[in-house]
Amino acid sequence: MTLQEMINDSKSIVFFGGAGVSTESGIPDFRSVDGLYNQKYDYPPEEILSHTFFVQKTKEFYDFYRDKMICLDAKPNKAHLKLAELEKKGKLTAVVTQNIDGLHTQAGSKKVYELHGSVHRNYCTKCGKFFGIEAITDSVGVPKCECGGTIKPDVVLYEEGLDHDVINGAVKAIAECDMLIIAGTSMTVYPAAGLVRYFRGKYLVVINRDPTSVDGQCDLVLHDRVGEVLDKIKV
Ligand code: ZN
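Please read all numbers here as calculations on a predicted model, not as lab measurements.

### Some points on the sheet that holds strand S6 (residues 151–155)
Within a sheet, neighbouring strands are paired by backbone hydrogen bonds and run either parallel or antiparallel to one another. Ordered by their spatial adjacency, three strands build an open sheet running S5-S4-S6, and the pairing between neighbours is antiparallel. Of all strands in the sheet, those bounded by a partner on one side alone are strand S5 (130–131) and S6. The pairing of strand S4 (residues 117–124) with S5 spans two bridges and is classified as antiparallel. Residue pairing across strands places Tyr123 opposite Phe130, the latter belonging to S5.

In structure tokens, the structure reads:
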């Protein structure tokens, strides 16, 4: 069966996307070898993007974060757009993403579970007030709230746990869908591999340039670019 046939035969599709979906919009994957390694920073990305580093070296965290994690020029690509279209037509029930760039929402998707948060949401660590991305981009040094508290991005840093409501929503969507498309991820990063175990639908599909850890259990495996593959789908 082709991907098109599987989509035609499905009523509730869930898309689970990783970094590969965003790299096609020009957003670097800081975990990849040709990503952000060996660059001008004194610490590896995993250390900078940790809770401890944020607390202890907040200014250095923001130097890196503004420079590398916020890509305001990035636009939704063919994958984001097709998924928004599938949702609009009532075929797709949810997007679950590991990306923090907000591109699915920008493309028009309504039901998006952002497992690792979003650069577009930020909050005061003292009074809890929420801020948009401009609180980070339009400030220098450590962004501060009117109350004097430090503003923190609502993204999940290393050492931090995932939001329970987000993870529960994603689990429920995956458990209830009849087709799960996994794309742009090698499925080795937590919690990706664990989430797939909840799927008990009809079609399990992988779209990824490189082999993944779930290829063996899939009904269809496409080693290709996500945007190219989804662009050909007729809704
Ligand atoms: Zn505040």
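### Focus on the domain arrangement of the chain
What the domain assignment lists for the chain is domain 1 (1–27 + 76–116 + 161–235) and domain 2 (30–70 + 120–155). Taken over C-alpha atoms, the centre of domain 1 sits 27 Å from the centre of domain 2. Taken together, the contacts link six residues of domain 1 with six residues of domain 2. In this assembly, domain 1 packs against domain 2 so that about 470 Å² is buried in total across both faces, 53% of it on carbon and sulfur atoms. The interface formed by domain 1 and domain 2 contains one salt bridge.

### Topic: the coordination of the zinc ion
Within the first shell, the zinc ion binds the protein through Cys124 (SG), Cys127 (SG), Cys145 (SG) and Cys147 (SG), at distances of 2.3 to 2.4 Å. Taken together, the four donor atoms surrounding the zinc ion define angles of 100 to 119° at the centre, an arrangement classified as tetrahedral. Counting the intervening residues between successive donors of the zinc ion yields the motif C-x2-C-x17-C-x1-C. Residue Cys127 is located in the loop between S4 and S5, and its partner Cys145 is located in the loop between helix H8 (134–137) and S6; the two are separated by 18 residues in the primary sequence. The partly exposed category is assigned to Cys127, whose relative accessible area is 46%. Under the relative-accessibility criterion, Cys145 is labelled buried at 7%.

### Regarding helix H5 (residues 58–69)
Because an α-helix packs 3.6 residues into every turn, residues spaced three or four apart end up facing the same way. For H5, the set of buried residues is Thr58, Phe61, Tyr62, Phe64, Tyr65, Lys68 and Met69. Along the long axis of H5, the arc covered by the buried residues comes to 165°, so they all point the same way. The inward-facing, buried residues of H5 abut helix H3 (45–48), helix H4 (51–56), S4, H8 and S6.

### Here's the deal with the pairing of strand S8 (residues 203–207)
The element S8 is extensively covered by neighbouring structure, given that five of its five residues are classed as buried. Because side chains alternate across S8, one face comprises the buried residues Tyr203, Val205 and Ile207, and the other comprises Leu204 and Val206, equally buried. Summarising the sheet, strand S7 (residues 179–183) and S8 pair through five bridges and their orientation is parallel. The residue of S8 that forms the bridge with Ala183 is Ile207. Pairing of S8 with strand S9 (residues 220–222), which is carried by three bridges, proceeds in the parallel orientation. Each bridged residue has a counterpart across the sheet, and for Val205 the counterpart in S9 is Leu220.

How each quantity is defined
Residues numbered from 1 in each chain as written. Predicted model: local features only at pLDDT ≥ 70, side-chain atom pairs only at ≥ 80, totals over all residues. Heavy atoms only, no water. Pairing = 2+ DSSP bridges. Helix = DSSP H or I, 4+ residues; strand = E, 2+ residues; numbered from the N terminus. Domains from an automatic or database assignment. Contact = heavy atoms within 4.5 Å. Buried area = accessible area lost by both parts, 1.4 Å probe. Salt bridge = Lys/Arg side-chain N within 4 Å of Asp/Glu carboxyl O. Donors = N, O, S within 2.8 Å, 3.2 Å for Na, K, Ca; no water. Tetrahedral: all angles 85-135°; square planar, octahedral: opposite > 155°, others 65-115°. Buried < 20%, exposed > 50% of the residue type's maximum accessible area, 1.4 Å probe, protein only. Arc of directions from axis to C-beta.

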